[in-house]
Amino acid sequence: MAQVTLAVDAMGGDAGLPVTVPAVAQLLQQDATVEVLMVGQPVPLAAALRDAGLAQHARVRVVPASDIVTMDDPVAVALRNKKDSSMRVAVNQLRDGQAQAVVSAGNTGALMAVSRFVLKTLPGIERPAICTAIPTRTGHCHMLDLGANVDSEAEHLLQFALMGAAVVRALDRIEAPRVALLNIGEEDIKGNDLIKQAAKLLQEHPALNYCGFIEGKGIFDGEADVVVCDGFVGNVALKTMEGTATMIGHMLRTEISSSWLKKVSGLLALPVLRGLKKRMDPERYNGASLLGLNGIVVKSHGGAGVSGFLAALEVAVREADRNVPALIGATLVNKSDGTA
């Protein structure tokens with residue numbers, strides 16, 4: 001694996017430094033090929049690095065930024081008024097060739113706007129998309145768009161499909177990933193005009209292994225490697241998944257604590273419950289990629305803990321090592337015949 005330099009928005013997210021710095025410490029310990037640019041306000045950042053034993057680390061460099069994009073900042077404020085924020089400066093490091101990827105847990109809308117403004121999109125991409133791994137019975141799939149675009153055209157869904165397929169080929173080493181369109185049914189007659197038009201484009205594209213429509217339940221059955229949808233539907237689906245996982249956990253805890261007999265049964269089932277929690281843990285799948293940009297930008301969930309932010313860092317390292325933007329660009333060189 002080649003040397004990879006990450007630019008980390010150290011101040012972003014609900015927790016900021018108490019999460020980002022320990023996660024970076026773990027990454028550096030487990031991967032000797034990674035260097036990190038920690039971008040943030042110098043005084044609190046220096047204190048956090050000192051407490052984590054990273055103040056003099058050979059593979060850590062501090063890049064100062066005077067401001068922070070808060071989780072509530074409007075996109076316009078982040079873009080126009082906070083040009084020296086840790087988020088903006090981190091993205092600038094990528095643009096200027098000082099880093100191969102950016103990781104931030106900050107405001108999603110602001111990160112997308114800043115990244116698109118600073119980095120621009122790849123040739124052939126009209127709209128970037130948010131993509132992440134979703135757990136399934138057989139492993140995981142990649143789903144996009146998860147909220148970057150609330151309105152999309154059929155051509156945009158084709159671009160999402162091509163980008164998602166490139167990511168799966170790079171990260172999962174699947175040569176011909178199965179690509180499906182999220183729909184209200186699997187039959188050809190189901191869906192609105194947008195979905196039907198997109199299905200025709202995907203079916204006719206020789207670079208795609210299009211396998212048809214997929215319903216929401218099919219995502220978890222592992223029926224596809226790439227699930228394509230517009231950002232409105234994708235974001236609703238993602239938040240529903242997160243809410244369902246949280247509800248199941250709450251209901252299990254409530255049931256186990258409802259009587260002494262159930263508490264005993266819960267103790268006996270503890271290894272199984274721990275295994276289930278590990279498989280369903282959102283932190284394990286943290287790290288959404290902003291695909292279609294001239295560079296790698298990975299968005300961590302704002303409320304992620306140390307293990308979750310570490311997972312996002314690992315996604316960025318893998319994408320940088322395999323140069324995902326170049327693979328997407330090659331896929332888009334000639335969309336008309338699928339050659340690259």
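Residues numbered from 1 in each chain as written. Predicted model: local features only at pLDDT ≥ 70, side-chain atom pairs only at ≥ 80, totals over all residues. Heavy atoms only, no water.

What to know about the sheet that holds strand β8 (residues 209-214)
Read across the open sheet, the 11 strands follow the order β3-β2-β1-β4-β11-β10-β5-β6-β9-β7-β8; overall the sheet is mixed. Each of the sheet's edge strands pairs with one partner strand only, and the pair in question is β3 (60-64) and β8. Between one strand and the next, the sheet's axes are offset by a mean angle of 25 degrees, whatever the strand orientation. Pairing between strand β4 (residues 101-104) and strand β11 (residues 296-299): 4 bridges, direction parallel. Residue pairing for β11: Val 103 is matched across the bridge by Val 298. (Pairing = 2+ DSSP bridges. Helix = DSSP H or I, 4+ residues; strand = E, 2+ residues; numbered from the N terminus. Axes fitted to C-alpha atoms, helices over the stretch in contact; angles between N-to-C directions.)

Let's talk about the domain arrangement of the protein
Domain boundaries assigned for the protein yield domain 1 (1-125 + 292-322) and domain 2 (127-283). Computed from C-alpha atoms alone, the centre-to-centre distance between domain 1 and domain 2 is 26 Å. Sorting the residues of domain 1 by area buried against domain 2 places Met 112, Ile 125 and Arg 322 first, and these three jointly supply 45% of that buried surface. The interface formed by domain 1 and domain 2 contains 0 salt bridges. In this assembly, domain 1 and domain 2 are joined by 3 residue pairs in polar contact (both at pLDDT 80 or more). For the side of domain 1 that touches domain 2, the elements supplying multiple residues, two or more each, are α5 (108-119) and α12 (306-321). Of all the elements, α12 adds the most residues to the side of domain 1 that touches domain 2, at 6 residues. Looking at the side of domain 1 that touches domain 2 residue by residue, the class counts come to 6 nonpolar, 9 polar and 4 charged. (Domains from an automatic or database assignment. Buried area = accessible area lost by both parts, 1.4 Å probe. Salt bridge = Lys/Arg side-chain N within 4 Å of Asp/Glu carboxyl O. Polar contact = N/O pair within 3.5 Å; in protein donor to acceptor, adjacent residues only side chain to side chain. Nonpolar A, V, L, I, M, F, W, Y, C, P; charged D, E, K, R; others polar.)

Notes on the nonpolar core
One finds Met 143, Ile 219 and Val 227 to be the most contacted residues of the largest nonpolar core, which totals 39 residues. Counting only elements with at least two residues in this core, the list comes to β2 (34-40), α4 (86-95), α5, β5 (129-136), β6 (139-144), β7 (178-182), α9 (231-256) and β10 (288-291). The element that contributes the greatest number of residues to this core is α5, accounting for 6 residues. For this core, the domains that each give at least three residues are domain 1 (1-125 + 292-322) and domain 2 (127-283). Aside from chain neighbours lying at most four places away, what touches Ile 219 is Ile 134, Thr 136, Cys 141, Met 143, Leu 182, Ile 214, Val 227 and Met 241. (Core = buried A, V, L, I, M, F, W, Y, C linked by side-chain atoms within 4.5 Å. Buried < 20%, exposed > 50% of the residue type's maximum accessible area, 1.4 Å probe, protein only. Contact = heavy atoms within 4.5 Å.)

Some words on the pattern of salt bridges
In total, this model carries 6 salt bridges according to the counting rule given. The partner of Lys 190 in a salt bridge is Glu 187, and the shortest N-O contact between them spans 3.3 Å. Ionic pairing is found between Glu 204 and Lys 200, a salt bridge with its closest N-O pair at 2.7 Å. Of this pair, Glu 204 and Lys 200 are both found in helix α7 (residues 193-204), 4 residues apart, which corresponds to roughly one turn of the helix. The class of Lys 200 is partly exposed, set by a relative accessible area of 49%.

Considering the environment of Ala 101
Looking at the element boundaries, Ala 101 is found in strand β4. Considering only alpha carbons, one finds Ala 101 and Leu 158, 57 residues apart in sequence, at a separation of 25 Å. Each residue touching Ala 101, except ones within four places of it in the same chain, is listed here: Thr 5, Leu 6, Ala 7, Leu 94, Ile 296, Ala 316 and Ala 320.

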